[in-house]
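The residues making up each chain are set out below.
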Amino acid sequence: MSFKSSGNSGAFAWFYQRITGIFLFVILLLHFTIMHFTGTGEITYENIVGRLSDPYWKMLDLSFVVFALYHGLNGIWMAIQDYVRSEGWRAVIYTILVLVGVFLFFLAAVTLIPFGLK
Amino acid sequence: MSLYMSPKYKEQVLDRKRWFEWDYKWFWGSFAWVLHRLSGWALVFYLLLHIWVIHHLSRGPAAFDQVMQAVGTPLFKVLEIGLWGVIVYHAFNGMRVIIVDFWHGSKYQKQLFFIVLFLFVVLWVGGGIIMALHMIH
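The structure reproduced in this document is the subject of the present report.

1. Observations concerning the overall build of chain B
Within chain B one finds five helices and zero strands. Element order for chain B, N to C, with α for helix and β for strand: α-α-α-α-α. Relative to the compact-globule value of 14 Å for 137 residues, chain B shows a C-alpha radius of gyration of 20 Å, a clear excess of over 25%. Taken along its principal axes, the extent of the C-alpha atoms in chain B is 60 × 35 × 30 Å. Across the 137 residues in chain B, those meeting the buried criterion constitute 36%. Of all intrachain contacts in chain B linking residues separated by at least 6 positions in sequence, the fraction that spans at least 24 positions is 62%. Put simply, chain B shows about 8,700 Å² of open surface, and 72% of that area lies on carbon and sulfur atoms. Between the mean site of the 12 positive side-chain charges and the mean site of the 7 negative ones, chain B shows a separation of 6 Å.

Structure (structure tokens):
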């Protein structure tokens, strides 16, 4: 059995890993700065409500989640390809990574999208 | 992607010495690479936990502030300073990887690694001090 991961040689995964990396470099450092350096260091529900009710922040945060999950799980997949030789195990791990990604995107989406709309 | 691995590939790629074997010969680039991979694993682990924790926002103020209190103990605050270091290393070494990949930077990969280490120390210490000050107040 030849397990197919994405129907390509891995070149796209390699390329997107760099594209998402550049995006994450900017947005993650900004995220950490806002949360831990420029604020009071106190992260409460009230502090977050205002930002998340703004549709632009919401879109930014959603794309942040998508890029971070893709970059992180694709990174794991790249490492797995280095160490796991069995095609069966590769298929199992790949499926788990996709399911974890979809589940956490779902969690993030149901948290972010209704914010400020109720 | 077909996962067929030719005997040549197996011999040249899969059967070579690995960084976790005792007689692996280290060089600066492999040091940077191993740190990048380990920090990557740590960041993915954190990301999954982070999304899980923050999704408590959808359960209202009480649930969210309760879970934030659970991860607001001094232990977690100190771990967060460590997280900042892991982020800074992975972020700047990632930029080094991109430079090496796209702009013939392999010529300067060692010098670029020293720049990464310098930025890592400066930003980790600087940010760590700010976070420690927040912790005290």
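The discussion continues.
2. Brief notes about the packing of helix α2 (residues 28–54) of chain B against helix α4 (residues 74–102) of chain B
Residues and elements named next belong to chain B. Two numbers describe how α2 lies on α4: the axes approach to 9 Å, and their chain directions differ by 130°. As summarised for this structure, α2 and α4 are arranged oblique, according to the angle between their axes. Read as a crossing pair, α2 and α4 show a hand that is left-handed. For the pair α2 and α4, the contacting residues are Gly29, Phe31, Ala32, Leu35, His36, Ser39, Gly40, Ala42, Leu43 and Tyr46 in the first and Leu83, Val86, Ile87, Tyr89, His90, Asn93, Gly94 and Arg96 in the second.

3. Remarks on the packing of aromatic side chains
Residue and element names in this part refer to chain B. Applying the stated criterion across every chain, the model contains 18 aromatic pairs over all chains. Where Trp28 meets Phe31, the ring centres are 6.3 Å apart and the plane angle is 80°; that geometry is what we call edge-to-face. With Trp28 and Phe31 both in helix α2 and three residues apart, the pair spans about one turn of that helix. Seen in terms of ring centroids, Phe120 and Trp124 are 5.3 Å apart; in terms of plane orientation they differ by 25°. Their pairing is stacked.

4. A look at the interface of chain B and chain A
On the side of chain A, 52 residues touch chain B, which itself brings 45 residues to the contact. Summing the contributions of chain B and of chain A, the shared interface buries around 4,100 Å²; its carbon and sulfur component is 71%. There are two salt bridges connecting chain B and chain A. For B:Arg37, the salt bridge is made with A:Asp82, and the minimal N-O distance between the two is 2.8 Å.

Each value, and the rule that gives it
Residues numbered from 1 in each chain as written. Chains lettered and ligands numbered in written order. Predicted model: local features only at pLDDT ≥ 70, side-chain atom pairs only at ≥ 80, totals over all residues. Heavy atoms only, no water. Helix = DSSP H or I, 4+ residues; strand = E, 2+ residues; numbered from the N terminus. Rg over C-alpha atoms; globule rule 2.2 N^0.38 Å. Buried < 20%, exposed > 50% of the residue type's maximum accessible area, 1.4 Å probe, protein only. Contact = heavy atoms within 4.5 Å. Areas by Shrake-Rupley, 256 points an atom, 1.4 Å probe, with all protein chains shown as cover. Lys, Arg positive; Asp, Glu negative; His and termini not counted. Charge placed at Lys NZ, Arg CZ, Asp CG, Glu CD. Axes fitted to C-alpha atoms, helices over the stretch in contact; angles between N-to-C directions. Parallel < 35°, antiparallel > 145°, perpendicular 65-115°, else oblique. Left-handed = near helix turned anticlockwise from the far one by under 90°. Phe/Tyr/Trp six-rings, centres within 6.5 Å; stacked < 30°, edge-to-face > 60°. Buried area = accessible area lost by both parts, 1.4 Å probe. Salt bridge = Lys/Arg side-chain N within 4 Å of Asp/Glu carboxyl O.

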